[in-house]
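Chain by chain, the residues run as shown.
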Amino acid sequence: MKLPPFLLERFFARHEFEARYLLCSSDCESMSIGDLLSLEPGAREKFHDHWLGYTESTGSPSLRREIARGYAAVTPDQVLVHAGAEEAIFLFTHATLEPGDHLVVHAPCYQSLCEVARGIGCELSLWQAREENGWALDPADLPRLVRGTTKAIVINLPHNPTGYHMEEPRFRDISRFADTHGIALFSDEVYRGLEYDNADRLPPACSLSESAISLGVMSKTYGLAGLRIGWVATRNAAVLSRMAELKDYTTICASAPSEFLAALALRNGEVIAARNRGIIAANLALLDGFFARHADRFSWQRPKAGPIAFPRLRIGDVEAFCSALLSSCGVLLLPGTVYGDAGNHFRIGFGRTNMPEALARLEESLESQSSIG
Ligand SMILES: Cc1ncc(COP(=O)(O)O)c(C=O)c1O
(Lines give C-alpha, C1' and ligand atoms only; values in the text may rest on other atoms or scores of the structure.)
Protein backbone atom coordinates (compact mmCIF):
# COMPACT_ATOMS: atom_id res chain seq x y z
CA MET A 1 0.00 0.00 0.00
CA LYS A 2 1.28 3.46 -0.92
CA LEU A 3 0.01 6.49 0.98
CA PRO A 4 0.70 10.07 -0.12
CA PRO A 5 1.58 12.64 2.57
CA PHE A 6 -1.38 13.59 4.75
CA LEU A 7 -1.44 17.26 3.75
CA LEU A 8 -3.38 18.59 6.74
CA GLU A 9 -1.27 16.71 9.27
CA ARG A 10 1.97 17.77 7.53
CA PHE A 11 0.75 21.39 7.64
CA PHE A 12 0.11 21.11 11.38
CA ALA A 13 3.42 19.31 11.92
CA ARG A 14 5.11 22.37 10.38
CA HIS A 15 3.18 25.08 12.20
CA GLU A 16 1.16 23.84 15.20
CA PHE A 17 3.80 24.29 17.87
CA GLU A 18 5.34 27.45 16.42
CA ALA A 19 2.39 29.64 15.52
CA ARG A 20 1.42 32.07 18.30
CA TYR A 21 -2.29 31.74 17.62
CA LEU A 22 -3.93 28.61 16.30
CA LEU A 23 -7.09 29.83 14.65
CA CYS A 24 -7.81 26.64 12.74
CA SER A 25 -7.80 23.85 15.32
CA SER A 26 -10.54 21.29 15.02
CA ASP A 27 -10.47 20.26 18.65
CA CYS A 28 -11.98 22.05 21.62
CA GLU A 29 -10.17 23.56 24.58
CA SER A 30 -8.20 20.90 26.43
CA MET A 31 -7.40 20.59 30.14
CA SER A 32 -4.60 19.30 32.35
CA ILE A 33 -4.51 15.83 33.89
CA GLY A 34 -4.91 17.59 37.26
CA ASP A 35 -8.08 19.39 36.11
CA LEU A 36 -9.53 16.16 34.82
CA LEU A 37 -8.71 14.22 37.99
CA SER A 38 -10.30 16.92 40.10
CA LEU A 39 -13.68 16.11 38.54
CA GLU A 40 -14.04 13.08 40.85
CA PRO A 41 -13.12 12.71 44.51
CA GLY A 42 -10.42 10.07 44.99
CA ALA A 43 -9.51 10.00 41.28
CA ARG A 44 -5.99 11.30 41.89
CA GLU A 45 -5.11 8.40 44.21
CA LYS A 46 -6.72 5.85 41.90
CA PHE A 47 -4.76 7.22 38.95
CA HIS A 48 -1.48 6.87 40.88
CA ASP A 49 -2.35 3.27 41.71
CA HIS A 50 -3.42 2.44 38.17
CA TRP A 51 -1.63 -0.62 36.80
CA LEU A 52 0.66 -0.13 33.80
CA GLY A 53 0.51 -3.57 32.24
CA TYR A 54 -1.13 -4.39 28.92
CA THR A 55 -4.86 -3.81 28.89
CA GLU A 56 -7.61 -5.76 27.06
CA SER A 57 -7.04 -5.46 23.33
CA THR A 58 -10.66 -4.43 22.74
CA GLY A 59 -10.35 -1.67 25.36
CA SER A 60 -10.58 -1.80 29.14
CA PRO A 61 -14.02 -3.00 30.32
CA SER A 62 -14.61 0.18 32.33
CA LEU A 63 -13.85 2.40 29.34
CA ARG A 64 -16.00 0.34 26.97
CA ARG A 65 -18.82 0.51 29.51
CA GLU A 66 -18.62 4.33 29.55
CA ILE A 67 -18.43 4.53 25.76
CA ALA A 68 -21.41 2.19 25.35
CA ARG A 69 -23.48 4.42 27.64
CA GLY A 70 -23.42 6.95 24.80
CA TYR A 71 -25.12 4.51 22.41
CA ALA A 72 -28.50 3.11 23.41
CA ALA A 73 -28.24 0.35 20.79
CA VAL A 74 -24.81 -1.12 21.60
CA THR A 75 -23.33 -3.07 24.49
CA PRO A 76 -19.72 -2.72 25.72
CA ASP A 77 -18.86 -5.82 23.66
CA GLN A 78 -19.86 -3.91 20.53
CA VAL A 79 -17.23 -1.23 21.15
CA LEU A 80 -13.62 -1.47 20.01
CA VAL A 81 -11.17 1.07 21.44
CA HIS A 82 -8.41 2.49 19.24
CA ALA A 83 -5.48 4.88 19.39
CA GLY A 84 -7.52 7.90 18.27
CA ALA A 85 -10.11 7.95 15.53
CA GLU A 86 -7.25 7.74 13.07
CA GLU A 87 -6.36 4.13 13.90
CA ALA A 88 -10.03 3.17 13.65
CA ILE A 89 -10.29 4.66 10.15
CA PHE A 90 -7.16 2.79 9.10
CA LEU A 91 -8.35 -0.54 10.50
CA PHE A 92 -11.95 -0.21 9.26
CA THR A 93 -10.65 0.41 5.75
CA HIS A 94 -8.31 -2.56 5.84
CA ALA A 95 -10.89 -4.79 7.50
CA THR A 96 -13.65 -4.22 4.97
CA LEU A 97 -12.16 -3.22 1.63
CA GLU A 98 -10.22 -5.02 -1.09
CA PRO A 99 -8.45 -3.63 -4.15
CA GLY A 100 -11.08 -2.83 -6.78
CA ASP A 101 -13.86 -2.24 -4.24
CA HIS A 102 -15.72 1.01 -4.60
CA LEU A 103 -16.76 3.48 -1.93
CA VAL A 104 -18.62 6.76 -1.77
CA VAL A 105 -17.01 9.41 0.43
CA HIS A 106 -18.43 12.68 1.74
CA ALA A 107 -16.13 15.43 0.37
CA PRO A 108 -14.21 17.51 1.16
CA CYS A 109 -13.01 15.18 3.87
CA TYR A 110 -10.44 14.53 6.54
CA GLN A 111 -7.88 12.97 4.23
CA SER A 112 -7.58 9.50 5.76
CA LEU A 113 -11.31 8.90 5.17
CA CYS A 114 -10.55 8.62 1.47
CA GLU A 115 -6.79 8.19 1.14
CA VAL A 116 -6.35 4.90 3.02
CA ALA A 117 -8.92 3.26 0.73
CA ARG A 118 -7.23 4.76 -2.32
CA GLY A 119 -3.91 3.41 -1.04
CA ILE A 120 -5.36 -0.10 -0.90
CA GLY A 121 -6.42 0.21 -4.55
CA CYS A 122 -10.11 0.98 -4.08
CA GLU A 123 -12.10 3.20 -6.40
CA LEU A 124 -13.71 6.26 -4.90
CA SER A 125 -16.59 8.50 -5.82
CA LEU A 126 -16.72 11.77 -3.94
CA TRP A 127 -20.11 12.88 -2.65
CA GLN A 128 -19.34 16.57 -2.97
CA ALA A 129 -20.69 19.14 -0.52
CA ARG A 130 -21.31 22.50 -2.22
CA GLU A 131 -20.97 25.93 -0.68
CA GLU A 132 -23.90 27.28 -2.69
CA ASN A 133 -26.14 24.68 -0.98
CA GLY A 134 -24.89 25.63 2.51
CA TRP A 135 -22.44 22.71 2.23
CA ALA A 136 -25.35 20.25 2.18
CA LEU A 137 -25.05 16.90 0.44
CA ASP A 138 -27.55 16.44 -2.37
CA PRO A 139 -29.49 13.21 -1.66
CA ALA A 140 -30.10 12.82 -5.41
CA ASP A 141 -26.35 12.30 -5.90
CA LEU A 142 -26.11 9.12 -3.84
CA PRO A 143 -27.95 6.66 -6.13
CA ARG A 144 -25.95 8.06 -9.07
CA LEU A 145 -22.65 7.51 -7.28
CA VAL A 146 -23.25 3.97 -6.06
CA ARG A 147 -22.11 1.02 -8.20
CA GLY A 148 -22.44 -2.76 -8.02
CA THR A 149 -19.01 -2.87 -6.37
CA THR A 150 -19.76 -0.25 -3.68
CA LYS A 151 -18.82 -1.65 -0.29
CA ALA A 152 -18.98 1.45 1.91
CA ILE A 153 -20.50 4.90 2.23
CA VAL A 154 -18.32 7.17 4.36
CA ILE A 155 -19.99 10.17 5.88
CA ASN A 156 -18.87 12.74 8.46
CA LEU A 157 -21.44 14.67 10.51
CA PRO A 158 -21.01 17.26 11.99
CA HIS A 159 -18.66 17.86 9.11
CA ASN A 160 -14.97 18.70 9.00
CA PRO A 161 -14.22 21.24 7.51
CA THR A 162 -17.53 22.93 6.66
CA GLY A 163 -19.48 22.67 9.94
CA TYR A 164 -22.43 21.29 7.98
CA HIS A 165 -24.89 19.11 9.85
CA MET A 166 -27.68 17.06 8.32
CA GLU A 167 -31.34 16.87 9.31
CA GLU A 168 -32.32 13.56 10.89
CA PRO A 169 -34.78 12.36 8.20
CA ARG A 170 -32.06 12.66 5.55
CA PHE A 171 -29.57 10.79 7.71
CA ARG A 172 -32.11 8.02 8.22
CA ASP A 173 -32.63 7.88 4.44
CA ILE A 174 -28.90 7.34 3.90
CA SER A 175 -28.80 4.60 6.49
CA ARG A 176 -31.83 2.88 4.90
CA PHE A 177 -30.30 3.27 1.44
CA ALA A 178 -27.05 1.65 2.61
CA ASP A 179 -28.93 -1.23 4.23
CA THR A 180 -31.12 -1.83 1.19
CA HIS A 181 -28.04 -2.06 -1.03
CA GLY A 182 -25.97 -4.15 1.39
CA ILE A 183 -23.40 -1.33 1.80
CA ALA A 184 -21.66 -0.60 5.10
CA LEU A 185 -22.25 2.94 6.39
CA PHE A 186 -19.11 4.25 8.10
CA SER A 187 -20.23 7.29 10.04
CA ASP A 188 -17.52 9.58 11.38
CA GLU A 189 -19.25 11.17 14.36
CA VAL A 190 -16.19 12.62 16.09
CA TYR A 191 -17.88 16.04 16.50
CA ARG A 192 -21.11 14.56 17.87
CA GLY A 193 -22.19 16.46 20.98
CA LEU A 194 -21.12 19.83 19.56
CA GLU A 195 -24.46 20.70 17.92
CA TYR A 196 -25.44 24.31 18.67
CA ASP A 197 -28.94 23.13 19.44
CA ASN A 198 -29.10 19.78 21.24
CA ALA A 199 -32.29 19.02 19.29
CA ASP A 200 -30.13 18.76 16.15
CA ARG A 201 -28.09 15.84 17.52
CA LEU A 202 -28.38 12.89 15.15
CA PRO A 203 -28.91 9.36 16.34
CA PRO A 204 -25.62 7.49 15.96
CA ALA A 205 -25.52 5.44 12.78
CA CYS A 206 -24.95 2.26 14.80
CA SER A 207 -28.36 2.69 16.35
CA LEU A 208 -30.08 3.11 12.97
CA SER A 209 -28.57 0.11 11.26
CA GLU A 210 -27.19 -3.25 12.37
CA SER A 211 -24.37 -3.01 9.87
CA ALA A 212 -23.40 0.67 10.32
CA ILE A 213 -20.24 1.71 12.14
CA SER A 214 -20.11 4.83 14.34
CA LEU A 215 -16.73 6.45 14.91
CA GLY A 216 -16.07 8.43 18.11
CA VAL A 217 -13.08 9.99 19.83
CA MET A 218 -12.02 11.92 22.94
CA SER A 219 -10.21 14.59 20.89
CA LYS A 220 -12.91 16.90 19.62
CA THR A 221 -16.07 17.20 21.76
CA TYR A 222 -14.10 16.60 24.95
CA GLY A 223 -10.90 18.39 23.88
CA LEU A 224 -8.73 15.48 25.07
CA ALA A 225 -6.73 14.75 21.91
CA GLY A 226 -3.60 13.93 23.91
CA LEU A 227 -5.26 10.83 25.33
CA ARG A 228 -5.29 9.32 21.83
CA ILE A 229 -8.42 7.35 22.59
CA GLY A 230 -10.97 6.70 19.86
CA TRP A 231 -13.42 3.89 19.16
CA VAL A 232 -15.93 2.30 16.87
CA ALA A 233 -19.37 1.24 18.06
CA THR A 234 -21.25 -1.21 15.87
CA ARG A 235 -23.59 -4.17 15.89
CA ASN A 236 -21.74 -5.48 12.84
CA ALA A 237 -19.95 -8.42 14.47
CA ALA A 238 -18.01 -9.38 11.34
CA VAL A 239 -16.48 -5.93 10.90
CA LEU A 240 -15.76 -5.61 14.61
CA SER A 241 -13.93 -8.92 14.86
CA ARG A 242 -11.91 -8.31 11.69
CA MET A 243 -10.87 -4.88 13.01
CA ALA A 244 -9.94 -6.45 16.36
CA GLU A 245 -7.74 -9.00 14.55
CA LEU A 246 -5.95 -6.26 12.61
CA LYS A 247 -5.40 -4.22 15.76
CA ASP A 248 -2.94 -6.92 16.89
CA TYR A 249 -0.69 -5.57 14.13
CA THR A 250 -0.98 -1.89 15.01
CA THR A 251 -1.26 -1.00 18.71
CA ILE A 252 -2.46 -4.27 20.34
CA CYS A 253 -4.11 -2.31 23.14
CA ALA A 254 -4.60 1.28 24.18
CA SER A 255 -2.50 3.19 26.70
CA ALA A 256 -3.59 2.18 30.22
CA PRO A 257 -3.35 5.71 31.74
CA SER A 258 -5.28 7.11 28.80
CA GLU A 259 -8.02 4.52 29.21
CA PHE A 260 -8.36 5.44 32.88
CA LEU A 261 -8.54 9.16 32.09
CA ALA A 262 -10.91 8.70 29.15
CA ALA A 263 -13.35 6.68 31.28
CA LEU A 264 -13.23 9.40 33.93
CA ALA A 265 -13.83 12.09 31.31
CA LEU A 266 -16.79 10.22 29.82
CA ARG A 267 -18.37 9.79 33.27
CA ASN A 268 -18.25 13.59 33.34
CA GLY A 269 -18.74 13.92 29.61
CA GLU A 270 -21.79 16.17 29.67
CA VAL A 271 -20.03 18.73 31.90
CA ILE A 272 -16.98 18.82 29.64
CA ALA A 273 -18.99 18.94 26.41
CA ALA A 274 -21.27 21.67 27.79
CA ARG A 275 -18.23 23.76 28.70
CA ASN A 276 -16.92 23.35 25.16
CA ARG A 277 -20.28 24.18 23.56
CA GLY A 278 -20.25 27.36 25.67
CA ILE A 279 -16.81 28.34 24.36
CA ILE A 280 -17.96 27.66 20.80
CA ALA A 281 -21.16 29.69 21.20
CA ALA A 282 -19.31 32.74 22.54
CA ASN A 283 -16.65 32.52 19.81
CA LEU A 284 -19.20 32.00 17.06
CA ALA A 285 -20.94 35.25 18.03
CA LEU A 286 -17.59 37.03 17.55
CA LEU A 287 -17.14 35.39 14.17
CA ASP A 288 -20.59 36.53 13.03
CA GLY A 289 -19.57 40.12 13.81
CA PHE A 290 -16.16 39.72 12.21
CA PHE A 291 -17.51 38.29 8.96
CA ALA A 292 -20.25 40.94 8.80
CA ARG A 293 -17.57 43.65 9.08
CA HIS A 294 -15.42 41.98 6.39
CA ALA A 295 -18.09 40.77 3.99
CA ASP A 296 -16.21 42.29 1.08
CA ARG A 297 -13.22 40.04 1.81
CA PHE A 298 -14.82 36.78 2.99
CA SER A 299 -17.88 34.74 2.23
CA TRP A 300 -19.26 33.20 5.45
CA GLN A 301 -21.52 30.15 5.66
CA ARG A 302 -22.42 29.96 9.33
CA PRO A 303 -21.80 26.35 10.48
CA LYS A 304 -24.55 24.29 12.11
CA ALA A 305 -22.44 22.30 14.56
CA GLY A 306 -18.86 21.77 15.67
CA PRO A 307 -15.80 23.98 16.27
CA ILE A 308 -14.83 24.70 12.63
CA ALA A 309 -16.08 26.44 9.51
CA PHE A 310 -14.88 26.85 5.93
CA PRO A 311 -15.17 30.49 4.81
CA ARG A 312 -14.06 31.63 1.35
CA LEU A 313 -11.51 34.32 0.66
CA ARG A 314 -13.07 36.50 -2.02
CA ILE A 315 -9.93 38.34 -3.14
CA GLY A 316 -6.46 36.87 -3.64
CA ASP A 317 -4.98 33.42 -3.24
CA VAL A 318 -5.81 31.57 -0.03
CA GLU A 319 -2.40 29.93 0.44
CA ALA A 320 -0.61 33.27 0.05
CA PHE A 321 -3.14 34.87 2.40
CA CYS A 322 -2.61 32.24 5.14
CA SER A 323 1.14 32.37 4.80
CA ALA A 324 1.27 36.21 4.92
CA LEU A 325 -1.00 36.19 7.96
CA LEU A 326 1.22 33.75 9.81
CA SER A 327 4.34 35.83 9.16
CA SER A 328 2.69 39.15 9.95
CA CYS A 329 0.90 38.32 13.19
CA GLY A 330 1.48 34.67 14.05
CA VAL A 331 -2.14 33.63 13.38
CA LEU A 332 -2.54 30.22 11.77
CA LEU A 333 -5.43 29.56 9.37
CA LEU A 334 -5.60 26.37 7.35
CA PRO A 335 -5.80 26.78 3.57
CA GLY A 336 -8.48 24.58 2.01
CA THR A 337 -5.93 23.30 -0.49
CA VAL A 338 -4.87 20.70 2.11
CA TYR A 339 -8.33 19.17 1.50
CA GLY A 340 -7.79 19.32 -2.25
CA ASP A 341 -10.24 22.25 -2.31
CA ALA A 342 -9.81 24.61 -5.24
CA GLY A 343 -12.44 27.10 -4.10
CA ASN A 344 -10.18 29.49 -2.11
CA HIS A 345 -11.64 28.39 1.25
CA PHE A 346 -9.82 28.20 4.55
CA ARG A 347 -10.63 26.45 7.80
CA ILE A 348 -11.21 28.53 10.87
CA GLY A 349 -11.43 26.95 14.33
CA PHE A 350 -13.26 28.40 17.31
CA GLY A 351 -13.25 25.80 20.07
CA ARG A 352 -10.43 27.35 22.08
CA THR A 353 -10.55 30.00 24.81
CA ASN A 354 -7.85 32.18 23.23
CA MET A 355 -9.85 32.47 20.01
CA PRO A 356 -11.05 36.05 20.71
CA GLU A 357 -7.43 37.18 20.99
CA ALA A 358 -6.43 35.33 17.82
CA LEU A 359 -9.36 36.86 15.96
CA ALA A 360 -8.42 40.33 17.21
CA ARG A 361 -4.86 39.84 15.87
CA LEU A 362 -6.29 38.71 12.54
CA GLU A 363 -8.54 41.76 12.34
CA GLU A 364 -5.73 44.17 13.28
CA SER A 365 -3.60 42.59 10.61
CA LEU A 366 -6.34 42.96 7.98
CA GLU A 367 -6.80 46.60 8.91
CA SER A 368 -3.11 47.49 9.04
CA GLN A 369 -1.97 45.53 6.00
CA SER A 370 -4.43 45.98 3.22
CA SER A 371 -1.84 44.20 1.07
CA ILE A 372 -2.73 40.82 2.65
CA GLY A 373 -5.01 38.98 0.27
C1 LIG B 1 -13.49 14.09 10.79
C2 LIG B 1 -12.32 13.58 11.54
N3 LIG B 1 -12.17 12.24 11.70
C4 LIG B 1 -11.12 11.74 12.37
C5 LIG B 1 -10.16 12.54 12.92
C6 LIG B 1 -8.99 11.94 13.65
O7 LIG B 1 -9.12 12.14 15.03
P8 LIG B 1 -7.89 11.84 16.00
O9 LIG B 1 -6.83 12.82 15.66
O10 LIG B 1 -8.38 12.08 17.35
O11 LIG B 1 -7.46 10.45 15.77
C12 LIG B 1 -10.27 13.93 12.77
C13 LIG B 1 -9.23 14.82 13.32
O14 LIG B 1 -9.12 15.98 12.97
C15 LIG B 1 -11.38 14.45 12.09
O16 LIG B 1 -11.56 15.77 11.94
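Rules used in this analysis
Residues numbered from 1 in each chain as written. Predicted model: local features only at pLDDT ≥ 70, side-chain atom pairs only at ≥ 80, totals over all residues. Heavy atoms only, no water. Buried < 20%, exposed > 50% of the residue type's maximum accessible area, 1.4 Å probe, protein only. Helix = DSSP H or I, 4+ residues; strand = E, 2+ residues; numbered from the N terminus. Pairing = 2+ DSSP bridges. Salt bridge = Lys/Arg side-chain N within 4 Å of Asp/Glu carboxyl O. Near = heavy atom within 4 Å. Polar contact = N/O pair within 3.5 Å; in protein donor to acceptor, adjacent residues only side chain to side chain. Areas by Shrake-Rupley, 256 points an atom, 1.4 Å probe, with all protein chains shown as cover. Axes fitted to C-alpha atoms, helices over the stretch in contact; angles between N-to-C directions. Parallel < 35°, antiparallel > 145°, perpendicular 65-115°, else oblique. Left-handed = near helix turned anticlockwise from the far one by under 90°. Contact = heavy atoms within 4.5 Å. Nonpolar A, V, L, I, M, F, W, Y, C, P; charged D, E, K, R; others polar. Expected span 1.5 Å × (residues − 1). Arc of directions from axis to C-beta. 1 Å grid on protein atoms, 1.4 Å probe; cavity = no way out; pocket = protein on both sides within 12 Å on 5 of 7 lines; lining within 4 Å. Points joined across faces, edges and corners; volume = space filled by probe spheres on them.

Below, the discussion takes up the pairing of strand β2 (residues 79-82). Across the two faces of β2 the burial is the same, with Val79 and Val81 and Leu80 and His82 all buried. Note that β2 and strand β8 (residues 230-234) share four bridges and pair antiparallel. Bridged to Val79 within β8 is Ala233.

Enumeration according to the criterion identifies 19 salt bridges in this entry. For Arg69, the salt bridge is made with Glu66, and the minimal N-O distance between the two is 2.8 Å. Since its relative accessible area comes to 13%, Glu66 is described here as buried. Taking the shortest distance from any N to any O, the salt bridge between Glu123 and Arg147 comes out at 2.5 Å. Residue Glu123 is found in strand β4 (residues 123-128), and its partner Arg147 is found in the loop between α7 (141-145) and β5 (150-156); the two are separated by 24 residues along the sequence. Members of the salt-bridge network, linked through shared partners, are Glu357, Arg361 and Glu364.

So, about the site of the ligand. With respect to spatial proximity, 15 residues lie near the ligand, and among them Asn160, Asp188, Tyr191, Ser219 and Lys220 are the closest. Within the contact set of the ligand, an oxygen atom lies 2.6 Å away from a side-chain nitrogen or oxygen of Asn160. In this structure, Asp188 approaches the ligand through a side-chain N or O atom, which is 2.6 Å from a nitrogen atom. Considering the ligand on its own, with 390 Å² of exposed area, one finds that the protein chains cover 94% of that surface.

This next bit is on the packing of helix α4 (residues 61-68) against helix α11 (residues 256-267). In the contact formed by α4 and α11, the axes pass within 9 Å of each other and the chain directions differ by 30 degrees. The angle between the axes of α4 and α11 places the two elements in the roughly parallel class. Crossing hand, α4 versus α11: left-handed. Packed against α4, whose contacting residues are Ser62, Leu63, Glu66 and Ile67, the element α11 presents Glu259, Ala262, Ala263, Leu266 and Arg267 at the interface. The residue inventory of the contact of α4 with α11, partitioned by class, reads five nonpolar, one polar and three charged.

Along an α-helix, a turn takes 3.6 residues, which lines up residues three or four apart on a common side. In this model, helix α8 (residues 168-180) (13 residues) spans 18 Å end to end at C-alpha, consistent with the 18 Å of a helix rising 1.5 Å per residue. Within the sequence span of α8, burial applies to Phe171, Ile174, Ser175, Phe177 and Ala178. The arc that holds the buried residues of α8, viewed along the axis, is 160 degrees, so those residues lie on one side. When the buried face of α8 is taken as reference, the exposed residues oriented beyond 90 degrees from it are Pro169 and Thr180. Residues of α8 that are buried sit in contact with β4, α7, β5, β6 (184-188) and α9 (205-208). Gly182 sits one or two residues past α8 and shows a positive phi near 65 degrees.

Turning to the side chain of His106, a few remarks are in order. Structurally, His106 can be placed in strand β3 (residues 102-107). Using a relative accessible area of 2% as the deciding quantity, one classes His106 as buried. At a separation of 3.2 Å, a polar atom in the side chain of His106 contacts the main-chain amide nitrogen of Asn156. A polar contact of 3.5 Å, which involves the side chain of His106, links it to the side chain of His159. Those residues in contact with His106, other than ones at most four positions away along the chain, are Trp127, Ala129, Leu137, Val154, Ile155, Asn156, Leu157, His159 and Tyr164.

As enumerated under the stated definition, the model contains three cavities of 30 Å³ or more in all. Taken together, Leu157, Pro158, His165, Phe171, Ser187, Glu189, Arg192, Glu195, Leu202, Pro203 and Pro204 make up the lining of the largest cavity. The residue makeup of the lining of the largest cavity, split by class, is six nonpolar, two polar and three charged. Taken as a whole, the second largest cavity holds about 40 Å³ of empty space. If you go around the second largest cavity, the residues you meet are Ile89, Phe92, Thr93, Leu97, Leu103, Leu113, Val154 and Phe186. Looking at the lining of the second largest cavity element by element, the count peaks at three residues for helix α5 (residues 84-96).

Cis geometry is found at the peptide bond from Ala107 to Pro108, where omega equals 0 degrees. Along the chain, the position of Pro108 falls in the loop between β3 and α6 (112-120). Residue Pro158 follows Leu157 across a cis peptide bond; omega there is -15 degrees. Position of Pro158 relative to the elements: it lies in the loop between β5 and α8. For Trp135, which is not glycine, the phi dihedral falls at a positive 65 degrees. In this fold, Trp135 is placed in the loop between β4 and α7. Judged by its relative accessible area of 4%, Trp135 falls in the buried class. One non-glycine residue, Asn344, lies in the positive phi region at around 65 degrees.

Sheet architecture is open: three strands sit in the order β10-β14-β13, paired in antiparallel fashion. Every interior strand has two partners, whereas the edge strands, β10 (308-309) and β13 (334-335), have only one. Here β10 runs beside strand β14 (residues 346-349); their pairing, made up of two bridges, is antiparallel. Bridging from a neighbouring strand, Ile308 pairs with Gly349 of β14.

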